[in-house]
Structure formats: structure tokens, C-alpha cells
Amino acid sequence: MKNQSVKNNIDWISVFIYITLVILGWLNIYSSSLLSTEGTYQKQLIFIGCTIPLIFVVLFVDGKFYEKYASIIFGVALLSLAGLFLFGKTIAGQRCWYAIGSFTLQPSEFAKAATSLALAKYLSDTQINLKDVNRQIQALAIVFLPVLLILPQPDPGSALIYSIFIIVLYREGLPSWYVWTGFITILLFVLTLILEPYVVIIIAAVVLAIIHFKGRVVDRNLLMSSILLAIISAFVFSVDYVFDHVFKQHHRDRFNILLGKTVDMKGIGYNTNQSEIAIGSGGWLGKGFLQGTQTKGGFVPEQHTDYIFTTVGEEWGFVGSLVVIALFVGLFLRVIYLAERQKTKFSRVYGYCVAGILFIHFFVNIAMVIGIFPTIGVPLPFFSYGGSGLWGFTILLFIFLKMDANKVNEW
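Reading the values: rules and limits
- Residue positions are counted from 1 within each chain, in the order its sequence is given.
- Where local features are concerned, this predicted model is filtered to residues with pLDDT of at least 70; where side-chain atom pairs are given and counted, the filter is 80 or more; whole-chain, interface and lining totals use all residues.
- Calculation of side-chain values draws on the structure's entire complement of heavy atoms; hydrogens and water are dropped beforehand.
- Counting from the N terminus, the helices are DSSP H or I runs at least four residues long and the strands are E runs at least two residues long.
- Every radius of gyration here is taken over C-alpha atoms, with the globule rule written as 2.2 Å times N^0.38, N being the number of residues.
- The contact rule is simple, with two residues in contact once any of their heavy atoms fall within 4.5 Å.
- Using a 1.4 Å probe, the Shrake-Rupley method yields the accessible areas, and only the shown protein chains count as cover for residues.
- In summary, the charge assignment counts Lys and Arg as positive and Asp and Glu as negative, without counting His or the chain termini.
- Every charge is mapped onto a representative atom, which is NZ of Lys, CZ of Arg, CG of Asp or CD of Glu.
- Segmentation of the chain into domains, including their bounds, is taken from an automatic or database domain assignment.
- Using a 1.4 Å probe, buried area is obtained as the accessible area two parts lose upon being combined, added over both of them.
- Each reported salt bridge corresponds to a side-chain nitrogen of Lys or Arg within 4 Å of a carboxyl oxygen of Asp or Glu.
- Side-chain atoms alone can form a polar contact between residues adjacent in sequence; in general such a contact is a pair of N or O atoms within 3.5 Å, and within protein one must be able to donate a hydrogen while the other accepts it.
- The pairing test for Phe, Tyr and Trp rings, Trp by its six-membered ring, is centres within 6.5 Å, and the orientation test on the planes gives stacked under 30 degrees, edge-to-face over 60, and tilted for anything in between.
- Every helix has an expected span of 1.5 Å times one less than the residues it contains.
- The buried label goes to any residue with under 20% of its type's maximum accessible area, the exposed label to any with over 50%, and the partly exposed label to all in between, with areas taken from a 1.4 Å probe on protein chains only.
- A pair of strands is treated as paired once DSSP finds two or more bridges between them.
- Simply put, an axis is a line fit to the C-alpha atoms, just over the touching stretch for a helix, and the angle between two N-to-C directions goes from 0 to 180 degrees.
- Note on terminology: angles under 35 degrees are roughly parallel, angles over 145 are roughly antiparallel, angles of 65 to 115 are roughly perpendicular, and the others are oblique.
- The crossing is said to be left-handed when, going from far helix to near helix, the turn is anticlockwise and less than a right angle, and right-handed when the turn is clockwise.
- When residues are sorted by character, Ala, Val, Leu, Ile, Met, Phe, Trp, Tyr, Cys and Pro go into the nonpolar class, Asp, Glu, Lys and Arg into the charged class, and all the rest, Gly among them, into the polar class.
- Only protein atoms enter the 1 Å grid, on which a cavity is a set of points fitting a 1.4 Å probe that cannot get out and a pocket is an open set with protein on both sides within 12 Å along at least 5 of 7 lines, lining residues being those with an atom within 4 Å of a point.
- Grid points are joined across faces, edges and corners, and a volume is the space filled by probe spheres set on the points.

Asker: Break down the overall build of the protein chain for me, with residues and values.
Answerer: The number of helices and strands found in the protein chain is 18 helices and three strands. Taking 2.2 N^0.38 as the reference for a compact globule, 411 residues should give roughly 22 Å; the C-alpha atoms of the protein chain span a radius of gyration of 23 Å, in line with that estimate. Overall size of the protein chain, expressed as C-alpha extent along the three principal axes, is 65 × 60 × 45 Å. The long-range share in the protein chain, meaning contacts at least 24 apart out of those at least 6 apart in sequence, stands at 71%. When the accessible surface of the protein chain is summed, it comes to about 20,300 Å², and 69% of that surface belongs to carbon and sulfur atoms. Of the side chains in the protein chain, 29 bear a positive and 23 a negative charge, and the two mean positions are spaced by 7 Å.

Asker: With reference to specific residues and values, describe the domain arrangement of the protein chain.
Answerer: According to the domain assignment, the protein chain consists of domain 1 (6-174 + 247-404) and domain 2 (175-246). Counting residues at the interface gives 16 residues for domain 1, matched by 13 residues for domain 2. Summing both partners gives a buried area of about 1,200 Å² for domain 1 against domain 2, and 72% of it is carried by carbon and sulfur. Counting across the domain 1 and domain 2 interface gives zero salt bridges. Taken together, the links from domain 1 to domain 2 amount to two residue pairs in polar contact (both at pLDDT 80 or more). Listed by contribution, the elements that provide at least two residues to the side of domain 1 that touches domain 2 are α7 (133-150), α9 (165-171) and α13 (249-258).

Asker: So what about the packing of aromatic side chains? Which residues, and what values?
Answerer: Scanning the model with the defined rule gives 24 aromatic pairs in all. Each ring, one from Trp 177 and one from Tyr 178, has its centre 4.1 Å from the other, and the planes form 25 degrees; the classification is stacked. Grouping aromatic residues by their ring pairs yields a cluster made of Phe 328, Phe 332, Phe 359, Phe 362, Phe 363 and Phe 383.

Asker: So what about helix α18 (residues 387-406)? Which residues, and what values?
Answerer: Taking 1.5 Å of rise per residue, the 20 residues of α18 would be expected to cover 28 Å, and the 28 Å separating its terminal C-alpha atoms lies within 8% of that figure. Across the 20 residues that make up α18, a large majority, 20, are buried.

Asker: Summarise the sheet that holds strand β2 (residues 94-100); cite the residues concerned and give the values.
Answerer: An order of β1-β2-β3 is seen for the three strands of this open sheet, with the pairing classed as antiparallel. Lying at the two open borders of the sheet, with one neighbouring strand each, are β1 (89-91) and β3 (103-105). The sheet shows a mean angle of 55 degrees between the axes of neighbouring strands, taken without regard to direction. Across three bridges, β2 lies against β3 in antiparallel orientation. Residue pairing in the sheet places Ala 99 in a bridge with Thr 104 of β3.

Asker: Could you give an account of the pattern of salt bridges, with specific residues and numbers?
Answerer: Taken as a whole and judged by the stated rule, the model has eight salt bridges. With a closest N to O distance of 2.5 Å, Asp 11 and Arg 334 form a salt bridge. Placement of the pair is Asp 11 in the loop between α1 (2-9) and α2 (12-32) and Arg 334 in helix α16 (residues 309-340), with a sequence separation of 323 residues. A relative accessible area of 5% places Asp 11 in the buried class. Residue Arg 348 is joined to Glu 172 by a salt bridge in which the shortest nitrogen-to-oxygen separation is 2.8 Å. Pair noted here: Arg 348 is in helix α17 (residues 345-369) and Glu 172 is in the loop between α9 and α10 (177-194), with a separation of 176 residues, a long-range link. Taken as a pair, Arg 348 and Glu 172 share a single burial class, namely buried. Here the salt bridges share partners, and the residues they tie into one network are Arg 171, Glu 172, Glu 340 and Arg 348.

Asker: An account of the packing of α2 against helix α3 (residues 40-60) is needed here, citing residue identities and associated values.
Answerer: The interhelical angle for the contact between α2 and α3, taken along N-to-C directions, is 165 degrees, at an axis separation of 9 Å. The orientation of α2 relative to α3 falls into the category roughly antiparallel. The two elements α2 and α3 cross, and the hand of that crossing is right-handed. Between α2, through Tyr 18, Val 22, Trp 26, Ile 29 and Tyr 30, and α3, the contact on the second element is made entirely by Thr 40, Tyr 41, Gln 44, Leu 45, Ile 48, Thr 51 and Ile 55. When the residues that make up the contact of α2 with α3 are grouped by side-chain class, the tally is nine nonpolar, three polar and no charged.

Asker: Would you mind going over the pairing of β2 in detail, with residue names and values included?
Answerer: Here β1 pairs with β2 via three bridges, running antiparallel. Considered in β2, the bridge of Lys 89 is made with Trp 97. The loop that links β1 with its antiparallel partner β2 comprises two residues; one of these, Ala 92, has a positive phi angle of about 55 degrees. As consecutive antiparallel partners, β2 and β3 are separated by two residues, and within that stretch Gly 101 has a phi angle of approximately 70 degrees, a positive value.

Asker: Describe the environment of Pro 175, with residues and values.
Answerer: By the secondary structure assignment, Pro 175 is in the loop between α9 and α10. Overall, Pro 175 belongs to the buried group, its relative accessible area being 14%. Each C-alpha atom of the pair Pro 175 and Phe 373 lies 28 Å from the other, and the pair is 198 residues apart in sequence. In this structure Pro 175 touches Leu 130, Lys 131, Gln 136 and Tyr 170, once residues within four positions along its chain are discounted.

Asker: An account of the layout of surface pockets is requested, with residue identities and associated values reported.
Answerer: By volume, the largest pocket is sized at about 1,800 Å³. Along its surface, the largest pocket is lined by 43 residues, and Leu 160, Ser 163, Gly 182, Ile 186 and Phe 373 are the ones closest to its centre. Sorting the residues of the lining of the largest pocket by element identifies α7, α8 (156-161), α9, α10, α12 (218-245), α13 and α17 as the ones contributing at least two each. A per-element tally of the lining of the largest pocket places α10 first, with nine residues. Lining the lining of the largest pocket are residues from two domains, each supplying at least three of them: domain 1 (6-174 + 247-404) and domain 2 (175-246). Each pocket or cavity is described by its volume, and for the second largest pocket that value is around 1,400 Å³. As for the second largest pocket, its lining consists of 49 residues, of which Gln 94, Trp 97, Glu 302, Thr 305 and Asp 306 are closest to the centre. Elements supplying a minimum of two residues to the lining of the second largest pocket: α3, β2, β3, α8, α13 and α18.

This is the structure in C-alpha cells:
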């Protein structure tokens, strides 16, 4: 009776979009790795096959299980991330995987769903008020505990994904100054890399002066403006040190290329340059399936993983790319719509976490392959090659679809 209820109440629109994206993803992996001797597209087909029993398991489990055991699931996820420092396998300088024979598993892909469950569980408590500083610290601790374990691996791409939880917290009552502080910090950081520090400070001083003279409580605004300018100045003068001594050389190179300070078409900028060539050569309708010259020639490194969208752009063109983007946007909007109609706060918050994680992956990946964001290794959901990524996104989505299907039993 329970399984029949899930079958009747599951959101088939989301399921259809998911299946379509997975199929299109495999077709592009097939095209980009057809000449490979590593059996890439065959392995991805096996990974896709494994999602079928995985989905049934997720949907079979009672919806309340995920809420009841959210903290335990989160704890297991943290232990799996910490265990990498002792038992992890290093690939390309990153200790992000557990090796089981020839198979590798990346726990950070599953930690996103675990963190979403933990955050939803915490925020669903009726006593939680995010206007309270202690509650803010506790909520932010849930978000940044996985980040502290992921960054040293090092895996900045996966760590970046967790920034989207700030928007979810804002949606649930976190003061807006957190969002503005993050935005302004990023803006100041980028401006300082482009301009001289004193120029950035002058710009900040002018902006604060305008705000000061428009304020009604002049004395208070003057004090606050002075404090803010001092903080901004200290931050601006620290940017060069952080950039030169904290960032690794390949990170600095990618930022310099993105900002136009360095031109390196054969070195660190090769991937992005070849990606832009492949996408641009597709024109309006593309060159046709399996007809991409850049793809068949293997000019784009890692094309079946982080750069899979270049295959879409080259072989399916602008129109095909728009169709893929429309499918992703449709899925985001559908999940948000379903989240808004949930009867429990736990399900609603988790739904927003799902939409946020899928969106930031999509946005960063597309921005990365078209050259407006540094290359940091963020896969395209349901498209990029890899079992851990596919299974992690599948679990993330279908836990929410299970919650949505179960809402008829809630009151």
C-alpha cells in the first residue's frame, strides 16, 4: 500500500526531467569518450544501471526515516570525510576517494545530501530563531564542518558548493547582512586583484560617504562608516598576501587568466581556450552527434567529466545547449515549487537545499566551461562522468521526491 502511494504521488515531471538529463548525459559521455580505451561510457552505463535499485531503496524507506536519523546520517558523512586522511586514495594530488579494488568512491558527493538533511532537521525545530546569534553559529557550524574536512583534501570545488546553504539559511530567517557581507567580500577581493589597493579603498570610501550623508542618524553613521572603512582597508591590503601565499600556483594562474592579466593558451589556460573553441564552433544547430571535430580529436582535456558541456555546445549547437539549460532550469523551478507546497518545515528546507545544490553545480560548471569562472573541478549534475557524482545527486533528489510523495500522509 505504501509503495502504491509513492507510485501514485511521486512527482513524475521531476522524474521525467531526471531521466532525460541522465540519458542526454550518457550520450555526450559516449561521444566524448568513444575513442578512449578506458571504457568510460561503458562504466557510466553501469553506474546508471546501479541508480535503478538505488532509487527503489530511497523510495522504499519511510519518509520519516530521513528526518528521524538525519543527525546520524550527517555524523556518518563527517566520519567518511575524516577517514580520507587515513585511508583515502590520492588521485591528481587530491585525497578525495576511497579505493575498493579498481573502483573509487568520493564521499564528498554524498555529504551534500547528508548536510542538507542535518540542516533541515536543525531548522525544523520550532525553537529555532535565526535572529539569535547562538542559533546562527550552530546553523553555520553544520554547513562549515564538512567544508573544513573537504578543503585540506584539497577539493575547493566541492567546498565552494556549500556556500549555497547561506541562501537557504537566509530564506529561513538568517539576517541579510550575511549575504551582503559575502557578496561585498568577493567583490572587494576581485577588485583588488584588478586595481591597486588604494584605488579600491578610495572607491569604498566614496560609497560609504554617500551612505553616510544619506543617513538620518549622522553621528552613528559616521562611527559605523569609519569602522567599516578600517575593516575594508585591512581586508584589501591582505588580499595580495592571501593570493600569493595561501592560494596555490595553479589557482593564481587561473585567476590571472580569467581576469586577463595573463595569456597562456598552451599551459594553464589550455582547457578553457579549447572549451571556448569547441562551444563556439557548434554554431546554431551544432555539427551533429559524433561529428564534433574538437571532441573526436580529444582537444578538450577531461571532456567527459567537468567539461562535458563542451560536447553539447559543439555537437548540438546553441539550440541544443538551450534545450539542456531549459531542462536544468525546469528541474530547479519544479523542486522549488514542490518545496513551497510541503506541509512540514523539514521537507521544505530540504527541498530548497536540493534546488540550491543542483543550481550552484550547474551555474559554476557552465560558467567554468565558457571561461567566466576559474576551473575548479565542479561536475555538471547527471551529465558528468562518475559514479559517485551520479549516485550522490540521485540520492539528493529522490529523498526529496520521497518526502513530497509522502506529504499526503502528513498533517
